[in-house]
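# Architecture at a glance
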Amino acid sequence: MRASFFHNLIGPLRTKSRRPDGLTSRRIGGPAILVAVLAVACFSSENVGLITISGAIGPITASYIHRAMSLASHRGYSCLIIQLDTPGGLLSSTKDIVQDLLTSQPATVVYVAPAGATAASAGCFITLSADVAAMAPATSIGAAHPVEMTGGIGVASGDSVMRHKLKNFASSFIESIASKRNRNVSWAISSVRESAAITAEKALSLKVVDIVAPSIADLLKQLDGRKVGQAVLHTAGASIEPIPMLMREKIFQRLWGPEIMYFLMLIAMYGLIGELSNPGAVLPAVAGIIALILALFMASILPVNITGVALIVLAALLFVTDVFAATHGVLTVGGAISFVIGSLLLFDTAGAAFHLSLAVVIPATVVTVLFFVVIIGAGLRAQLLPKRTGAEAMKGKVGVAQTSITAEKALSLKV
(Lines give C-alpha, C1' and ligand atoms only; values in the text may rest on other atoms or scores of the structure.)
Protein backbone atom coordinates (compact mmCIF):
# COMPACT_ATOMS: atom_id res chain seq x y z
CA MET A 1 0.00 0.00 0.00
CA ARG A 2 2.80 2.38 0.93
CA ALA A 3 4.68 1.55 -2.34
CA SER A 4 1.61 2.26 -4.47
CA PHE A 5 1.13 5.52 -2.60
CA PHE A 6 4.64 6.69 -3.44
CA HIS A 7 4.18 5.53 -7.06
CA ASN A 8 1.01 7.59 -7.41
CA LEU A 9 2.63 10.50 -5.63
CA ILE A 10 5.74 10.87 -7.78
CA GLY A 11 4.35 9.44 -11.03
CA PRO A 12 3.02 12.77 -12.34
CA LEU A 13 6.29 14.46 -11.34
CA ARG A 14 8.46 12.29 -13.60
CA THR A 15 9.95 14.03 -16.65
CA LYS A 16 9.95 12.48 -20.12
CA SER A 17 13.16 12.03 -22.15
CA ARG A 18 13.86 10.61 -25.66
CA ARG A 19 16.18 7.63 -25.72
CA PRO A 20 18.58 7.05 -28.65
CA ASP A 21 16.51 4.09 -29.84
CA GLY A 22 13.50 6.34 -30.20
CA LEU A 23 11.68 5.07 -27.12
CA THR A 24 10.45 7.38 -24.37
CA SER A 25 11.77 7.04 -20.81
CA ARG A 26 10.89 8.78 -17.59
CA ARG A 27 13.22 10.01 -14.91
CA ILE A 28 12.44 11.51 -11.57
CA GLY A 29 13.22 15.17 -11.27
CA GLY A 30 14.60 17.09 -8.30
CA PRO A 31 11.19 18.27 -6.99
CA ALA A 32 9.86 14.73 -7.07
CA ILE A 33 12.79 13.48 -5.01
CA LEU A 34 12.20 16.21 -2.43
CA VAL A 35 8.51 15.33 -2.15
CA ALA A 36 9.34 11.64 -1.77
CA VAL A 37 11.88 12.33 0.98
CA LEU A 38 9.38 14.45 2.89
CA ALA A 39 6.70 11.76 2.53
CA VAL A 40 9.04 9.06 3.81
CA ALA A 41 10.00 11.24 6.76
CA CYS A 42 6.34 11.81 7.51
CA PHE A 43 5.46 8.14 7.40
CA SER A 44 8.55 6.90 9.26
CA SER A 45 8.47 9.41 12.17
CA GLU A 46 7.46 8.08 15.57
CA ASN A 47 5.30 9.90 18.08
CA VAL A 48 5.62 9.46 21.82
CA GLY A 49 2.92 10.47 24.30
CA LEU A 50 3.87 12.28 27.51
CA ILE A 51 1.91 12.98 30.70
CA THR A 52 3.12 14.44 34.00
CA ILE A 53 1.94 13.18 37.39
CA SER A 54 2.91 15.30 40.39
CA GLY A 55 1.46 14.99 43.88
CA ALA A 56 -0.65 12.40 45.66
CA ILE A 57 -2.11 9.48 43.71
CA GLY A 58 -5.90 9.47 43.76
CA PRO A 59 -9.00 8.75 41.66
CA ILE A 60 -8.37 11.65 39.27
CA THR A 61 -4.80 10.45 38.69
CA ALA A 62 -6.04 6.96 37.83
CA SER A 63 -8.67 8.36 35.46
CA TYR A 64 -6.13 10.64 33.76
CA ILE A 65 -3.62 7.81 33.19
CA HIS A 66 -6.35 5.50 31.86
CA ARG A 67 -7.51 8.18 29.38
CA ALA A 68 -3.94 8.89 28.28
CA MET A 69 -3.32 5.19 27.60
CA SER A 70 -6.47 4.90 25.51
CA LEU A 71 -5.55 8.05 23.58
CA ALA A 72 -1.98 6.85 22.99
CA SER A 73 -3.28 3.54 21.66
CA HIS A 74 -5.82 5.27 19.40
CA ARG A 75 -3.19 7.63 17.96
CA GLY A 76 -0.68 4.82 17.45
CA TYR A 77 2.07 6.27 19.64
CA SER A 78 5.26 4.25 19.93
CA CYS A 79 5.01 4.47 23.73
CA LEU A 80 3.53 6.54 26.54
CA ILE A 81 5.92 8.22 28.99
CA ILE A 82 4.55 8.93 32.47
CA GLN A 83 6.77 11.44 34.25
CA LEU A 84 6.20 10.76 37.95
CA ASP A 85 6.89 12.58 41.21
CA THR A 86 4.69 11.44 44.11
CA PRO A 87 4.94 10.96 47.89
CA GLY A 88 2.27 8.23 47.77
CA GLY A 89 -1.44 7.77 47.39
CA LEU A 90 -4.48 5.58 47.81
CA LEU A 91 -4.39 1.81 47.45
CA SER A 92 -7.60 1.66 45.39
CA SER A 93 -6.32 4.18 42.84
CA THR A 94 -2.90 2.52 42.76
CA LYS A 95 -4.47 -0.85 41.96
CA ASP A 96 -6.41 0.68 39.05
CA ILE A 97 -3.25 2.25 37.63
CA VAL A 98 -1.21 -0.94 38.03
CA GLN A 99 -3.86 -2.98 36.24
CA ASP A 100 -3.82 -0.51 33.35
CA LEU A 101 -0.02 -0.55 33.16
CA LEU A 102 0.17 -4.35 33.13
CA THR A 103 -2.26 -4.59 30.22
CA SER A 104 -1.45 -1.39 28.36
CA GLN A 105 -1.05 -0.98 24.62
CA PRO A 106 1.18 0.71 23.56
CA ALA A 107 4.28 0.32 25.74
CA THR A 108 4.45 2.40 28.93
CA VAL A 109 7.50 4.09 30.40
CA VAL A 110 7.38 5.47 33.95
CA TYR A 111 10.08 8.11 34.31
CA VAL A 112 10.74 9.36 37.87
CA ALA A 113 11.80 12.95 37.24
CA PRO A 114 12.94 15.71 37.50
CA ALA A 115 15.97 15.69 39.82
CA GLY A 116 14.79 15.57 43.42
CA ALA A 117 11.60 13.70 42.54
CA THR A 118 10.54 10.55 44.35
CA ALA A 119 8.44 7.49 43.65
CA ALA A 120 7.46 6.68 47.22
CA SER A 121 4.72 4.38 48.45
CA ALA A 122 2.17 4.15 45.62
CA GLY A 123 4.75 5.57 43.21
CA CYS A 124 6.96 2.54 43.79
CA PHE A 125 4.16 0.17 42.75
CA ILE A 126 3.43 2.25 39.66
CA THR A 127 7.07 2.48 38.57
CA LEU A 128 7.65 -1.25 38.88
CA SER A 129 4.49 -1.95 36.85
CA ALA A 130 5.63 -0.15 33.71
CA ASP A 131 7.08 -1.89 30.67
CA VAL A 132 10.18 0.27 31.13
CA ALA A 133 11.08 1.84 34.48
CA ALA A 134 13.36 4.87 34.29
CA MET A 135 14.68 7.43 36.74
CA ALA A 136 16.52 10.71 36.53
CA PRO A 137 19.72 11.20 38.55
CA ALA A 138 19.22 12.45 42.13
CA THR A 139 15.80 10.81 42.46
CA SER A 140 14.64 8.02 44.78
CA ILE A 141 12.22 5.12 44.89
CA GLY A 142 10.80 2.95 47.69
CA ALA A 143 9.20 3.21 51.14
CA ALA A 144 6.10 1.40 49.90
CA HIS A 145 4.61 0.74 53.33
CA PRO A 146 0.90 -0.17 53.02
CA VAL A 147 -0.29 1.99 55.94
CA GLU A 148 0.38 5.03 53.76
CA MET A 149 -2.02 3.75 51.12
CA THR A 150 -5.20 2.92 53.01
CA GLY A 151 -8.46 4.56 51.95
CA GLY A 152 -11.72 5.30 53.71
CA ILE A 153 -11.80 5.11 57.53
CA GLY A 154 -8.22 4.79 58.69
CA VAL A 155 -6.85 1.85 60.58
CA ALA A 156 -6.45 2.58 64.26
CA SER A 157 -2.88 2.70 65.48
CA GLY A 158 -3.49 -0.20 67.83
CA ASP A 159 -5.06 -2.49 65.24
CA SER A 160 -1.96 -4.61 64.65
CA VAL A 161 -3.95 -7.42 63.03
CA MET A 162 -5.29 -5.18 60.26
CA ARG A 163 -1.87 -3.64 59.73
CA HIS A 164 -0.35 -7.11 59.43
CA LYS A 165 -2.96 -8.05 56.84
CA LEU A 166 -2.31 -4.90 54.83
CA LYS A 167 1.42 -5.51 54.89
CA ASN A 168 1.00 -9.10 53.71
CA PHE A 169 -1.31 -8.01 50.92
CA ALA A 170 1.00 -5.22 49.77
CA SER A 171 4.00 -7.59 49.87
CA SER A 172 2.31 -10.18 47.69
CA PHE A 173 1.00 -7.45 45.38
CA ILE A 174 4.38 -5.88 44.74
CA GLU A 175 6.02 -9.31 44.48
CA SER A 176 3.67 -10.28 41.65
CA ILE A 177 4.38 -6.98 39.88
CA ALA A 178 8.16 -7.30 40.13
CA SER A 179 8.05 -10.93 39.06
CA LYS A 180 5.96 -10.16 35.98
CA ARG A 181 8.28 -7.35 34.92
CA ASN A 182 11.46 -9.37 35.71
CA ARG A 183 12.67 -6.87 38.30
CA ASN A 184 14.34 -7.35 41.68
CA VAL A 185 11.67 -9.19 43.66
CA SER A 186 13.54 -9.31 46.98
CA TRP A 187 14.11 -5.57 47.00
CA ALA A 188 10.49 -4.91 46.03
CA ILE A 189 9.32 -6.92 49.04
CA SER A 190 11.77 -5.09 51.33
CA SER A 191 10.36 -1.76 50.15
CA VAL A 192 7.03 -2.82 51.66
CA ARG A 193 8.11 -4.74 54.74
CA GLU A 194 11.13 -2.61 55.69
CA SER A 195 10.25 0.67 53.94
CA ALA A 196 13.48 0.39 51.95
CA ALA A 197 14.28 3.33 49.66
CA ILE A 198 17.18 3.73 47.21
CA THR A 199 18.59 6.25 44.77
CA ALA A 200 18.35 6.03 40.99
CA GLU A 201 21.90 4.76 40.57
CA LYS A 202 21.40 2.07 43.20
CA ALA A 203 18.06 1.10 41.66
CA LEU A 204 19.78 0.61 38.29
CA SER A 205 22.53 -1.56 39.77
CA LEU A 206 19.97 -3.70 41.66
CA LYS A 207 17.84 -4.08 38.50
CA VAL A 208 14.91 -2.31 40.09
CA VAL A 209 14.73 0.06 37.12
CA ASP A 210 15.97 -0.27 33.56
CA ILE A 211 17.30 3.18 32.67
CA VAL A 212 18.81 6.23 34.34
CA ALA A 213 18.46 9.25 32.06
CA PRO A 214 19.05 12.94 32.88
CA SER A 215 16.44 14.16 30.38
CA ILE A 216 13.58 12.95 28.23
CA ALA A 217 15.72 13.41 25.10
CA ASP A 218 18.35 11.07 26.54
CA LEU A 219 15.60 8.71 27.65
CA LEU A 220 14.30 8.47 24.09
CA LYS A 221 17.80 7.64 22.84
CA GLN A 222 18.16 4.84 25.38
CA LEU A 223 14.69 3.50 24.59
CA ASP A 224 15.45 3.29 20.87
CA GLY A 225 15.78 -0.32 19.77
CA ARG A 226 14.54 -1.74 23.07
CA LYS A 227 12.17 -4.69 22.67
CA VAL A 228 8.91 -4.52 24.61
CA GLY A 229 6.83 -7.65 24.17
CA GLN A 230 6.77 -8.36 20.44
CA ALA A 231 7.42 -4.75 19.46
CA VAL A 232 10.68 -2.84 19.07
CA LEU A 233 10.71 0.82 20.07
CA HIS A 234 11.96 3.38 17.55
CA THR A 235 12.19 6.53 19.61
CA ALA A 236 15.44 8.20 18.54
CA GLY A 237 14.37 11.62 17.31
CA ALA A 238 10.71 10.85 17.99
CA SER A 239 8.22 13.67 18.28
CA ILE A 240 6.92 14.16 21.85
CA GLU A 241 3.18 14.74 22.08
CA PRO A 242 2.05 16.00 25.53
CA ILE A 243 -1.39 14.81 26.67
CA PRO A 244 -2.65 17.50 29.07
CA MET A 245 -5.36 17.11 31.66
CA LEU A 246 -8.87 18.08 30.66
CA MET A 247 -10.39 21.08 32.39
CA ARG A 248 -12.68 18.90 34.50
CA GLU A 249 -9.71 16.76 35.54
CA LYS A 250 -7.78 19.85 36.59
CA ILE A 251 -10.74 21.11 38.62
CA PHE A 252 -11.33 17.80 40.39
CA GLN A 253 -7.60 17.38 40.97
CA ARG A 254 -7.58 20.73 42.75
CA LEU A 255 -10.70 19.93 44.75
CA TRP A 256 -9.63 16.41 45.67
CA GLY A 257 -7.43 16.51 48.74
CA PRO A 258 -7.38 16.48 52.55
CA GLU A 259 -7.47 20.27 52.85
CA ILE A 260 -10.66 20.50 50.77
CA MET A 261 -12.39 17.81 52.82
CA TYR A 262 -11.26 19.56 56.01
CA PHE A 263 -12.77 22.86 54.85
CA LEU A 264 -15.98 21.10 53.83
CA MET A 265 -16.27 19.65 57.33
CA LEU A 266 -15.84 23.12 58.81
CA ILE A 267 -18.44 24.63 56.46
CA ALA A 268 -20.88 21.85 57.36
CA MET A 269 -20.29 22.47 61.06
CA TYR A 270 -20.62 26.25 60.73
CA GLY A 271 -23.75 26.01 58.59
CA LEU A 272 -25.71 23.48 60.63
CA ILE A 273 -24.89 24.97 64.03
CA GLY A 274 -25.48 28.48 62.66
CA GLU A 275 -28.96 27.46 61.50
CA LEU A 276 -29.77 25.91 64.89
CA SER A 277 -28.73 29.09 66.70
CA ASN A 278 -30.64 31.32 64.25
CA PRO A 279 -33.67 29.33 63.05
CA GLY A 280 -35.14 30.44 59.76
CA ALA A 281 -31.95 31.76 58.17
CA VAL A 282 -32.13 28.85 55.65
CA LEU A 283 -28.89 29.70 53.79
CA PRO A 284 -26.55 28.33 56.51
CA ALA A 285 -28.55 25.08 56.59
CA VAL A 286 -28.43 24.66 52.81
CA ALA A 287 -24.69 25.35 52.65
CA GLY A 288 -24.06 23.06 55.62
CA ILE A 289 -26.03 20.13 54.19
CA ILE A 290 -24.31 20.37 50.79
CA ALA A 291 -20.88 20.58 52.43
CA LEU A 292 -21.70 17.64 54.71
CA ILE A 293 -22.73 15.41 51.79
CA LEU A 294 -19.54 16.26 49.88
CA ALA A 295 -17.41 15.69 52.97
CA LEU A 296 -19.00 12.27 53.56
CA PHE A 297 -18.35 11.34 49.93
CA MET A 298 -14.68 12.33 50.22
CA ALA A 299 -14.41 10.46 53.52
CA SER A 300 -15.22 7.25 51.63
CA ILE A 301 -12.14 7.84 49.46
CA LEU A 302 -9.62 9.60 51.68
CA PRO A 303 -7.96 7.81 54.62
CA VAL A 304 -9.87 9.41 57.51
CA ASN A 305 -9.03 8.62 61.14
CA ILE A 306 -12.24 8.28 63.17
CA THR A 307 -10.42 9.49 66.30
CA GLY A 308 -9.72 12.84 64.67
CA VAL A 309 -13.38 13.21 63.67
CA ALA A 310 -14.50 12.44 67.24
CA LEU A 311 -12.17 15.08 68.71
CA ILE A 312 -13.44 17.74 66.28
CA VAL A 313 -17.06 16.93 67.19
CA LEU A 314 -16.13 17.06 70.90
CA ALA A 315 -14.59 20.50 70.33
CA ALA A 316 -17.84 21.78 68.81
CA LEU A 317 -19.83 20.47 71.81
CA LEU A 318 -17.43 22.17 74.25
CA PHE A 319 -17.74 25.48 72.38
CA VAL A 320 -21.55 25.39 72.53
CA THR A 321 -21.63 24.26 76.18
CA ASP A 322 -19.40 27.14 77.23
CA VAL A 323 -22.05 29.58 76.02
CA PHE A 324 -24.51 28.32 78.66
CA ALA A 325 -22.10 27.34 81.44
CA ALA A 326 -20.23 29.90 83.52
CA THR A 327 -16.78 28.34 83.09
CA HIS A 328 -15.02 31.63 82.25
CA GLY A 329 -13.71 30.21 78.97
CA VAL A 330 -12.31 26.96 80.33
CA LEU A 331 -14.45 24.83 78.00
CA THR A 332 -13.53 27.06 75.05
CA VAL A 333 -9.83 26.52 75.72
CA GLY A 334 -10.44 22.78 76.03
CA GLY A 335 -12.41 22.84 72.81
CA ALA A 336 -9.60 24.65 70.99
CA ILE A 337 -7.06 22.06 72.16
CA SER A 338 -9.37 19.22 71.15
CA PHE A 339 -9.91 20.85 67.76
CA VAL A 340 -6.19 21.19 67.05
CA ILE A 341 -5.40 17.60 68.07
CA GLY A 342 -8.38 16.25 66.13
CA SER A 343 -7.32 18.16 63.02
CA LEU A 344 -3.78 16.80 63.19
CA LEU A 345 -5.09 13.26 63.71
CA LEU A 346 -7.77 13.52 61.01
CA PHE A 347 -5.51 11.88 58.40
CA ASP A 348 -2.91 10.47 60.78
CA THR A 349 -3.25 6.95 59.36
CA ALA A 350 -2.24 8.20 55.90
CA GLY A 351 1.18 9.09 54.57
CA ALA A 352 2.81 12.48 54.31
CA ALA A 353 0.80 13.26 51.20
CA PHE A 354 -2.40 13.58 53.28
CA HIS A 355 -1.26 15.20 56.51
CA LEU A 356 -2.72 18.60 57.40
CA SER A 357 -0.03 21.16 58.13
CA LEU A 358 -0.07 23.59 61.06
CA ALA A 359 -0.30 26.39 58.49
CA VAL A 360 -3.82 25.10 57.76
CA VAL A 361 -4.85 23.87 61.22
CA ILE A 362 -3.94 26.97 63.29
CA PRO A 363 -5.90 29.52 61.17
CA ALA A 364 -8.85 27.11 61.02
CA THR A 365 -8.79 26.79 64.82
CA VAL A 366 -8.73 30.57 65.33
CA VAL A 367 -11.62 31.09 62.91
CA THR A 368 -13.63 28.28 64.52
CA VAL A 369 -13.15 29.63 68.06
CA LEU A 370 -14.16 33.13 66.97
CA PHE A 371 -17.17 31.72 65.12
CA PHE A 372 -18.49 29.93 68.19
CA VAL A 373 -17.60 32.59 70.75
CA VAL A 374 -18.75 35.66 68.80
CA ILE A 375 -21.42 34.58 66.33
CA ILE A 376 -22.93 31.44 67.82
CA GLY A 377 -22.53 32.71 71.38
CA ALA A 378 -24.33 35.94 70.56
CA GLY A 379 -27.12 34.08 68.78
CA LEU A 380 -27.72 31.62 71.61
CA ARG A 381 -27.57 34.32 74.31
CA ALA A 382 -30.05 36.42 72.35
CA GLN A 383 -32.56 33.56 72.48
CA LEU A 384 -32.28 33.48 76.28
CA LEU A 385 -32.94 37.21 76.74
CA PRO A 386 -36.42 38.24 77.98
CA LYS A 387 -38.94 39.53 75.45
CA ARG A 388 -38.71 43.27 74.85
CA THR A 389 -41.84 43.83 72.74
CA GLY A 390 -45.41 42.52 72.55
CA ALA A 391 -47.71 41.13 75.23
CA GLU A 392 -44.98 38.76 76.51
CA ALA A 393 -42.78 41.72 77.39
CA MET A 394 -45.58 43.21 79.65
CA LYS A 395 -45.75 40.23 81.99
CA GLY A 396 -44.65 41.21 85.52
CA LYS A 397 -44.57 44.92 84.75
CA VAL A 398 -46.31 47.52 87.00
CA GLY A 399 -48.81 49.73 85.21
CA VAL A 400 -50.83 52.83 86.25
CA ALA A 401 -54.57 52.73 85.58
CA GLN A 402 -55.91 55.99 84.11
CA THR A 403 -59.52 55.13 85.08
CA SER A 404 -61.10 53.05 87.79
CA ILE A 405 -61.17 49.32 87.05
CA THR A 406 -64.04 47.28 88.37
CA ALA A 407 -64.04 43.52 88.64
CA GLU A 408 -66.45 43.19 85.75
CA LYS A 409 -64.34 45.48 83.53
CA ALA A 410 -61.15 43.68 84.42
CA LEU A 411 -62.78 40.37 83.47
CA SER A 412 -63.94 41.76 80.14
CA LEU A 413 -60.42 43.05 79.39
CA LYS A 414 -58.98 39.61 80.28
CA VAL A 415 -56.49 41.20 82.66
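Note on numbering: residues in each chain are counted from 1, in written sequence order. Confidence filtering applies because this is a predicted model: local features only for residues at pLDDT of at least 70, side-chain atom pairs given and counted only at 80 or more, and all residues used for totals across whole chains, interfaces and linings. Where side-chain values are given, they derive from all heavy atoms of the structure, hydrogens and water being excluded.

## A closer look at the overall build of the protein
To keep things clear, this is the line we draw: Note on conventions: DSSP H or I runs of at least 4 residues are helices, E runs of at least 2 residues are strands, and numbering of each starts at the N terminus. In this scheme, a residue with accessible area under 20% of its type's maximum is buried, one over 50% is exposed, and one in between is partly exposed, where area comes from a 1.4 Å probe on protein chains only. By the convention used here, residues are in contact when the closest approach between their heavy atoms is within 4.5 Å. Throughout, the Shrake-Rupley method with a 1.4 Å probe supplies accessible areas, and for residues the shown protein chains are the sole cover considered.
For the protein, the helix and strand inventory stands at 16 helices and 13 strands. Burial statistics for the protein: of 415 residues in total, 42% are counted as buried. Within the protein, residue pairs in contact and separated by at least 24 positions form 71% of the contacts whose partners lie at least 6 positions apart. In the form shown here, the protein has an accessible surface area of approximately 22000 Å², with 65% of it arising from carbon and sulfur atoms.

## Section: the sheet that holds strand S10 (residues 211-212)
The cut-off we apply is this: The criterion for strand pairing is that DSSP finds at least two bridges linking the strands in question.
If you walk across this open sheet you meet the six strands as S10-S7-S5-S4-S3-S13, and the pairing is parallel. Looking along the sheet, the strands with just one partner apiece sit at the ends: S10 and strand S13 (239-242).

## Description of the packing of aromatic side chains
In this description, an aromatic ring pair is defined by two values, namely the gap between the centres and the angle between the planes. Note the threshold: To pair, rings of Phe, Tyr and Trp, with the six-membered ring standing in for Trp, must have centres within 6.5 Å; the planes then decide the type, stacked if under 30 degrees apart, edge-to-face if over 60, and tilted in the middle.
What the rule picks out here adds up to seven aromatic pairs. Ring centres of phenylalanine 169 and phenylalanine 173 lie 5.8 Å apart, and the angle between their planes is 20°; on these two criteria the pair is classed as stacked. On the criterion of helical spacing, the pair formed by phenylalanine 169 and phenylalanine 173 is a turn pair, its members being four residues apart in helix H6 (residues 160-180). Given the relative accessible area of 33%, phenylalanine 169 is considered partly exposed.

## Section: unusual backbone geometry
Excluding glycine, residues mostly have negative phi values, and the peptide bonds linking residues are mostly trans. The omega angle of the peptide bond from glutamine 105 to proline 106 is 5°, so this bond is cis rather than trans. A cis amide bond, omega 0°, links alanine 113 with the succeeding residue proline 114. With respect to the helices and strands, the residue proline 114 is situated in the loop between strand S5 (107-112) and strand S6 (118-120). In this structure, serine 121 takes a positive phi of about 50° despite not being glycine. Looking at where serine 121 falls in the secondary structure, it is placed in the loop between S6 and helix H5 (122-129). Take serine 121: its relative accessible area is 0%, and that puts it in the buried class. The phi dihedral of asparagine 182 is positive, around 60°, even though this residue is not glycine.

## Let's talk about the nonpolar core
We apply this condition: In this description, a nonpolar core means a group of buried Ala, Val, Leu, Ile, Met, Phe, Trp, Tyr and Cys residues linked to one another through side-chain atoms lying within 4.5 Å.
Counting residues in hydrophobic clusters, the biggest one holds 48 residues, and the most contacted among them are Ile51, Ile82, Phe125 and Ile141. At seven residues, helix H3 (residues 59-75) tops the list of elements feeding residues into this core. Grouped together as the second largest cluster of nonpolar side chains are 35 residues, Leu90, Leu264, Ile312 and Val360 included.

## Some thoughts on the sheet that holds strand S8 (residues 140-142)
We count it as follows: With axes taken as lines fitted to C-alpha atoms, and helix axes fitted only over the stretch in contact, angles between N-to-C directions fall between 0 and 180 degrees.
In spatial order, the strands read S6-S8-S9; together these three strands make up an open sheet with mixed pairing. Edge positions in the open sheet fall to S6 and strand S9 (197-199), since each of these has one partner strand only. When strand polarity is set aside, the average angle formed by the axes of neighbouring strands in this sheet is 15°. Taken strand by strand, H5 contacts S6 and S8, and its axis lies near 105° from that of S6.

## Brief notes about the pattern of salt bridges
Let me state the cut-off plainly: Salt bridges are defined by distance alone: a side-chain nitrogen of Lys or Arg within 4 Å of a carboxyl oxygen of Asp or Glu.
Within this structure, the stated rule accounts for three salt bridges. Residue arginine 67 pairs with glutamate 249 through a salt bridge whose shortest N-O separation is 3.0 Å. Placement of the pair is arginine 67 in helix H3 and glutamate 249 in helix H10 (residues 247-255), with a sequence separation of 182 residues. With relative accessibility at 6%, the residue glutamate 249 sits in the buried group. For arginine 181, the salt bridge is made with aspartate 131, and the minimal N-O distance between the two is 3.0 Å. Of this pair, arginine 181 sits in the loop between H6 and helix H7 (185-193) while aspartate 131 is found in the loop between H5 and strand S7 (132-135), placing the two residues 50 residues apart along the sequence.

## A few points about the side chain of serine 129
For the record, the criterion: Residues adjacent in sequence count toward polar contacts only when both atoms are side-chain atoms; beyond that, a polar contact is any pair of N or O atoms within 3.5 Å, and within protein one must be able to donate a hydrogen and the other to accept it.
Topologically, serine 129 is positioned in helix H5. A polar atom in the side chain of serine 129 sits 2.7 Å from the backbone oxygen of phenylalanine 125. For serine 129, the contacting residues outside a window of four places in its chain are Val98, Leu101, Leu102, Ile177, Arg181 and Arg183.

## Things to note about the side chain of threonine 139
As for its placement among the helices and strands, threonine 139 is situated in the loop between S7 and S8. Residue classification places threonine 139 among the buried positions, given a relative accessible area of 3%. Once residues within four sequence positions are removed from consideration, threonine 139 is found in contact with Val112, Ala113, Pro114, Ala115, Gly116, Ala117, Ile198, Thr199 and Ala200.

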